[in-house]
Amino acid sequence: MERMLGNFRKTTLAALLCATTLIVAPATPAWAQADELVVALSTFSEETMTPWGGSGQRKTYLDLAYEYLTYIDPETGEAVPGLAQSWDMSPDGRTWTFHLREGIEFAGGYGELTSEDVAYSIARLIGEDSRAGPASAMRRAIASVQTPDERTVVVNLNVPDFELAKGYFGSGQQLGIVSKAYFDELGADEAQARPIGTGPYVLENVTSGSEILMTLREDLGDHWRVNPEFETVSFRVVPEESTRVAMLQTGEADIAPIGFDSIPTVEDAGLRIVSAQATWSPVVRFGGLIQTDPARYNPDTPWASREVRQALNYAVDKQTIIDELFQGEATIAASDTPVPAWSEVEPYPYDPDMARQLLAEAGYPDGFDITLKTFTTAPGAELPLMAEAVALYWQDIGVNTTIEPVDWPSIRTAWTQGQASDYVWTHRGFPFASAANGLEAGFMQDSLFASFTSPELEAMIQQFSSEEDAQTRSALFTEIGQYLRDEAAGVFIALANEPYGVSDKVGEWDISGAYGWNFDRATRAQ
């Protein structure tokens, strides 16, 4: 098995190196334009411009225009003031009151931020037509939103949420605040094409599937949060990693996500690596495991059996995948998000004999056929290679795996519409500022992005959500993590770092955790 993976790896790496040598340097490199920051991304995701129009991946470019009620301190993980200068929580965690800053102006002359803008933004994000990842969970949680005056927003919840400020309402999620006046004036169809927020940048131009160009607001003045040093930020879609690496080498790009194999190449070119720690987790998700929803539960798949799911975990040598694909910049995972309360949960060891035994006990002594869909994204350029490695390990225990390359939007659509019940797919989990939000998003029936749940798990989460004592909540959360591990809710591979190559045109820049790209804080090199 080791030799099979090694040969596969060498062949893939050789192909990557060959592809890299074919890149031709551009005639006019980006460093010739000192006022422009060029960010090469693998995808724009849905390429929509409202917070409720798609996935959180779009925050790479939308966060230059939209801002949040709170931001997350990367050192403590706690909420710090954003558009809300302060907030209060009722003792039972069911009522939150946010007090807005004064004098925050929207771009384009659409006036000062008020509570009506916040209430409108919340309503749109949790609306039935919202495509935002947390929409369904937030819709379940929020009972009403009140605006007693222009600076006060009162949020009443159906269930306690002791982490709302740093969770659903923080910068790690998708509640970017829009101008209600802008949408009222232009109408939803026209207004959603161009983001208008309180952030320092506005949309200059979109070349679909190619470039999103953001430029500093003409009325920026002294912005309350940041003082950007680049006049424009150009986001380019570059799906091929080898091309992104070449763009960094030639100066055509200033910042780009790269694969772990490319780190030596980028460093040899005299460029530096900025790597966010444990910001994503490569995982294989099972379709059709929402046991509490007949429309999303498929009892006829082999992996409907817990023993089969456990076998598929035991079959995979996760440490070898970490060493070979992630260059050691990851740790074996027992879950799909780094949560302190789950740190003591033991991951599945590599034990192919146990895997074969469990398959036999489940009624599959000769294995079965399975379809594994995969795509590339950022972070996640390694997902297709990981799929190849997983397929080899599964083949070793008799599970014949057909790999089907797809794109993320197609998987996302099928998943959220309950049409992903007869196959499995590679995916990436993210850490949430509020660990409870991650639990609700991935493992509750009310979430469109749930990949596993059961009556027992729903009851455990309900008990956790309603518990007010912090120590008891932590203990309950640990129990939930152990349950997810024992049920083999996914094939959890690793908790991985997220490397970016950075050109010598850029001075200070860092990533403050998942969904915290901070491109508006990048400085010019001295």
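First things first, this report covers the structure right here in the doc.

How each quantity is defined
- Residues numbered from 1 in each chain as written.
- Predicted model: local features only at pLDDT ≥ 70, side-chain atom pairs only at ≥ 80, totals over all residues.
- Heavy atoms only, no water.
- Helix = DSSP H or I, 4+ residues; strand = E, 2+ residues; numbered from the N terminus.
- Buried < 20%, exposed > 50% of the residue type's maximum accessible area, 1.4 Å probe, protein only.
- Contact = heavy atoms within 4.5 Å.
- Pairing = 2+ DSSP bridges.
- Core = buried A, V, L, I, M, F, W, Y, C linked by side-chain atoms within 4.5 Å.
- Expected span 1.5 Å × (residues − 1).
- Arc of directions from axis to C-beta.
- Axes fitted to C-alpha atoms, helices over the stretch in contact; angles between N-to-C directions.
- Parallel < 35°, antiparallel > 145°, perpendicular 65-115°, else oblique.
- Left-handed = near helix turned anticlockwise from the far one by under 90°.
- Nonpolar A, V, L, I, M, F, W, Y, C, P; charged D, E, K, R; others polar.
- 1 Å grid on protein atoms, 1.4 Å probe; cavity = no way out; pocket = protein on both sides within 12 Å on 5 of 7 lines; lining within 4 Å.
- Points joined across faces, edges and corners; volume = space filled by probe spheres on them.
- Polar contact = N/O pair within 3.5 Å; in protein donor to acceptor, adjacent residues only side chain to side chain.

## A few points about the environment of P379
Here comes step 1: Checked against the element boundaries, P379 lands in the loop between strand 14 (369-374) and helix 12 (383-396).
Here comes step 2: Here P379 falls in the buried class, since its relative accessible area comes to 7%.
Here comes step 3: Along the chain, P379 and R428 lie 49 residues apart, while their C-alpha atoms are 8.0 Å from each other.
Here comes step 4: When sequence neighbours within four positions are dropped, the list of residues in contact with P379 reads W280, R428, F430 and E498.

## Quick notes on the pairing of strand 5 (residues 95-100)
Here comes step 1: With 5 bridges joining them, strand 4 (residues 84-89) and strand 5 adopt antiparallel strand pairing. Considered in strand 5, the bridge of D88 is made with T97.
Here comes step 2: The loop that links strand 4 with its antiparallel partner strand 5 comprises 5 residues; one of these, G93, has a positive phi angle of about 70°.
Here comes step 3: Where strand 5 lies against strand 7 (residues 152-157), 5 bridges are found, and the strand directions are antiparallel. Within the sheet, the bridge partner assigned to F98 lies in strand 7 and is V153.

## Here we look at the nonpolar core
Here comes step 1: Counting residues in each nonpolar core, the largest one holds 152 residues, and the members touching the most others are L69, F98, F169, F235, I321, W394 and W509.
Here comes step 2: Top contributing element to this core by residue count: helix 12, with 7 residues.
Here comes step 3: Apart from residues lying up to four places away in sequence, W394 is in contact with V284, L312, A315, V316, I370, V399, T401, V424 and V491.

## Concerning helix 15 (residues 455-466)
Here comes step 1: Taking 1.5 Å per residue as the helical rise, helix 15 with its 12 residues ought to reach 16 Å, and the 17 Å between its terminal C-alpha atoms agrees with that figure.
Here comes step 2: Taken together, the buried positions of helix 15 are L457, E458, I461, F464 and S465. Down the axis, helix 15 shows its buried residues gathered within 125° of arc, on one side only.
Here comes step 3: For helix 15, the elements touching its buried residues are helix 14 (435-443) and helix 16 (470-486).

## Examining the packing of helix 14 against helix 15
Here comes step 1: Where helix 14 meets helix 15, the closest approach of the two axes is 12 Å, and the angle between their N-to-C directions is 155°. Looking at the two axes, helix 14 sits roughly antiparallel to helix 15. The crossing of helix 14 and helix 15 is left-handed. Contact residues: helix 14 offers A436, L439, E440 and F443, while helix 15 offers L457, E458, I461, F464 and S465.
Here comes step 2: Here the residues of the contact of helix 14 with helix 15 sort into 6 nonpolar, 1 polar and 2 charged.

## A few points about empty space enclosed by the protein
Here comes step 1: Taken as a whole, this structure holds 7 cavities of 30 Å³ or more when the rule is applied.
Here comes step 2: As for the largest cavity, its lining consists of 31 residues, and the residues nearest its centre are H427, F430, F432, F449 and Y515.
Here comes step 3: Breaking the lining of the largest cavity down by element, the ones donating at least two residues are helix 13 (408-416), strand 16 (424-429) and helix 14.
Here comes step 4: Ranked by the residues each element gives to the lining of the largest cavity, the list is headed by helix 14, at 6 residues.
Here comes step 5: For the lining of the largest cavity, a count of residues per class yields 13 nonpolar, 14 polar and 4 charged.

## Description of the side chain of D254
Here comes step 1: Note that D254 resides in the loop between helix 7 (241-250) and strand 11 (255-257).
Here comes step 2: Side chain to side chain, D254 and K505 meet in a polar contact 3.0 Å long.

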